[in-house]
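Residue strings, one per chain:
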Amino acid sequence: MTTRRPTIADVARHAGVSKGAVSFALNGRAGVSEETRRRILDTAADLGWSPNHRARALSTSRAFALGMVVARDPELVGADPFFPTFIAGVEKVLAERDQALVLQVVTSPAAEVAGYRRLAREGRVDGVFLMDLRRSDARIALLGEIGLPAVTLNRPDVPTPFPAVLLDDRPGIAAAVRHLAGLGHTSIAHVSGPEPFLHAIARRQAFADAMAEAGLPPGRIVAGDFTAAGGRTATHRLLAGPDRPTAIVYANDVMALSAIAVAAELGIRIPEDVSITGFDDTDLAGYVHPALTTVRADARSWGEVAATMLLALIEGQDLADTALPPAELVLRDSTSAP
């Protein structure tokens, strides 16, 4: 014989409160005292109550899930520490709200558009995170057309109805250049991210501006792709040629860490022969040899704030942009005087 699953009415009867009070307590909303909330939660735990997501979704026309469509090679997503760290921040918030994250990785622009349309058409998510913003990003208009609420990671360069979580990359890159210039470096290069991404463009422009402000000649800029393989190729171009720079500023840690292997193969010492800096301050950055001087951008907090904002937006709140503390330089052992 199948055991009937306990309902909110059961919890209310055993706790001696109304069903409305149970709903407030179980959803973490104001309206009940802390003592009553605790009694309700204890009663629910004793009864073995758990939310019926299917019934809840049918009654409210909600999916109780947020979506993320990532247009990158699946192997690259796994290799870039930013994504799991950001997702960990998102999941922390969703776990507390008993909601889910729907992640889809696609490899082409057409598949990306189809992915967003499918999520909206099938009602699988209530809103999405929009990351890796690009020049003239067409996804802003697409999400408006299909009616999917969104929170963007930084501001797009086109008009947008969506709130953004802002993290300014530029102070971190500028601090890296100032640090290297202060050590006496005058030949500083930059390995950038891929051209379409606005954050790659912002970091590249911050590098150029900081070089000019330091009174240094424009440094060489070699395009990378945020991957270890791309960083390796770009580093080899810079270090194997006759006009080798004495310092390199990388647009992310993955590319900077690959430079350590390239330098070793070429017999070049870090930091004695060439100084390097990264960006992201991934967990590995502090454990390689030499430990990587890098720029700290708190991806976990970015995920937490973005998830909190998106849930609030879905519930009908009017939101302004939220600015996180700007990226900052973390000094370690991969930089020294030339």
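Source: prediction; values computed, not measured.

Draft legend 1. Quick look at the side chain of Thr43. Relative to the assigned elements, Thr43 resides in helix H3 (residues 34-47). For Thr43, a relative accessible area of 11% puts it in the buried group. For Thr43, the contacting residues outside a window of four places in its chain are Val11, His14 and Ala15.

Draft legend 2. Representation of the nonpolar core in the model. Core analysis: the biggest nonpolar cluster contains 43 residues, and Met68, Phe82, Phe86, Phe129, Met131, Ile188 and Trp302 have the highest contact counts within it. Listing elements by their share of this core, those giving two or more residues are strand S1 (65-71), helix H6 (82-97), strand S4 (150-153), helix H9 (170-183), helix H10 (198-213), strand S8 (247-250) and helix H13 (299-314). The element that contributes the greatest number of residues to this core is H13, accounting for eight residues. Those residues in contact with Met131, other than ones at most four positions away along the chain, are Met68, Val70, Phe82, Phe83, Phe86, Arg139 and Leu153. Counting 24 residues, the second-largest nonpolar core is a separate cluster that includes Leu257, Ile268, Ile270 and Leu292.

Draft legend 3. Highlighting the pattern of salt bridges. All told, the structure shown has 20 salt bridges when counted by the stated rule. One salt bridge in this structure joins Glu195 and Arg135, with 3.2 Å as the shortest N-O distance. Note that Glu195 is positioned in the loop between strand S6 (188-192) and H10 and Arg135 in the loop between strand S3 (127-130) and helix H8 (139-146), a separation of 60 residues in sequence. Within this structure, Glu112, Arg134, Asp137 and Arg139 form a network of salt bridges that share partners.

Draft legend 4. Representation of the pairing of S6 in the model. Most of S6 is tucked away, with five of its five residues classed as buried. Burial along S6 is two-sided: Ile188, His190 and Ser192 and Ala189 and Val191, pointing in opposite directions, are all buried. Pairing of S6 with S8, which is carried by four bridges, proceeds in the parallel orientation. By the bridge assignment for S8, Ala189 is matched with Ile248. Relative to strand S7 (residues 221-223), S6 runs parallel, the two being bridged by three bridges. Bridge pairing in S7 links Ser192 to Ala223. Read as a crossover between parallel neighbours, the route from S6 over H10 to S7 is right-handed.

Draft legend 5. Layout of the environment of Glu112. With respect to the secondary-structure elements, Glu112 resides in helix H7 (residues 109-121). When the C-alpha atoms of Glu112 and Leu324 are compared, they prove to be 28 Å apart, with 212 residues separating the residues in sequence. Here Glu112 is in contact with Val69, Ala71, Val106, Arg134 and Arg139, once residues within four sequence places are set aside.

Draft legend 6. Geometry of the packing of aromatic side chains. Per the counting criterion, the structure on display carries five aromatic pairs. With centroids separated by 5.9 Å and ring planes inclined at 80°, the aromatic side chains of Phe82 and Trp302 adopt a geometry described as edge-to-face. Of this pair, Phe82 sits in helix H6 while Trp302 sits in helix H13; the two residues are 220 residues apart in sequence, bridging distant segments of the chain. With respect to burial, Phe82 and Trp302 carry one shared label: buried. Seen in terms of ring centroids, Phe86 and Phe129 are 6.0 Å apart; in terms of plane orientation they differ by 90°. Their pairing is edge-to-face. Residue Phe86 is found in helix H6, and its partner Phe129 is found in strand S3; the two are separated by 43 residues along the sequence. For the pair shown, Phe86 and Phe129 are each scored as buried. Ring pairs connect the aromatic residues Phe82, Phe83, Phe86, Phe129 and Trp302, which therefore count as one cluster. Positioned over the ring face of Phe279 is Arg203, at 3.8 Å from the centre of the ring.

Draft legend 7. Spotlight on the sheet that holds S8. Pairing in this open sheet of four strands is parallel, and the strands run S7-S6-S8-S9 from one edge to the other. Because the sheet does not close on itself, it has two edges, and the strands there are S7 and strand S9 (275-277). This sheet shows a mean twist of 20° between the axes of neighbouring strands, independent of strand direction. Taken strand by strand, helix H11 (residues 228-239) contacts S6, S7 and S8, and its axis lies near 150° from that of S7. Sheet contacts for helix H12 (residues 253-265): S6, S8 and S9; angle to S9, the most-contacted strand, approximately 155°.

What counts and what doesn't
Residues numbered from 1 in each chain as written. Predicted model: local features only at pLDDT ≥ 70, side-chain atom pairs only at ≥ 80, totals over all residues. Heavy atoms only, no water. Helix = DSSP H or I, 4+ residues; strand = E, 2+ residues; numbered from the N terminus. Buried < 20%, exposed > 50% of the residue type's maximum accessible area, 1.4 Å probe, protein only. Contact = heavy atoms within 4.5 Å. Core = buried A, V, L, I, M, F, W, Y, C linked by side-chain atoms within 4.5 Å. Salt bridge = Lys/Arg side-chain N within 4 Å of Asp/Glu carboxyl O. Pairing = 2+ DSSP bridges. Right-handed = clockwise from strand over helix to strand, strands pointing away. Phe/Tyr/Trp six-rings, centres within 6.5 Å; stacked < 30°, edge-to-face > 60°. Lys NZ or Arg CZ within 6 Å of the ring centre and 35° of its normal. Axes fitted to C-alpha atoms, helices over the stretch in contact; angles between N-to-C directions.

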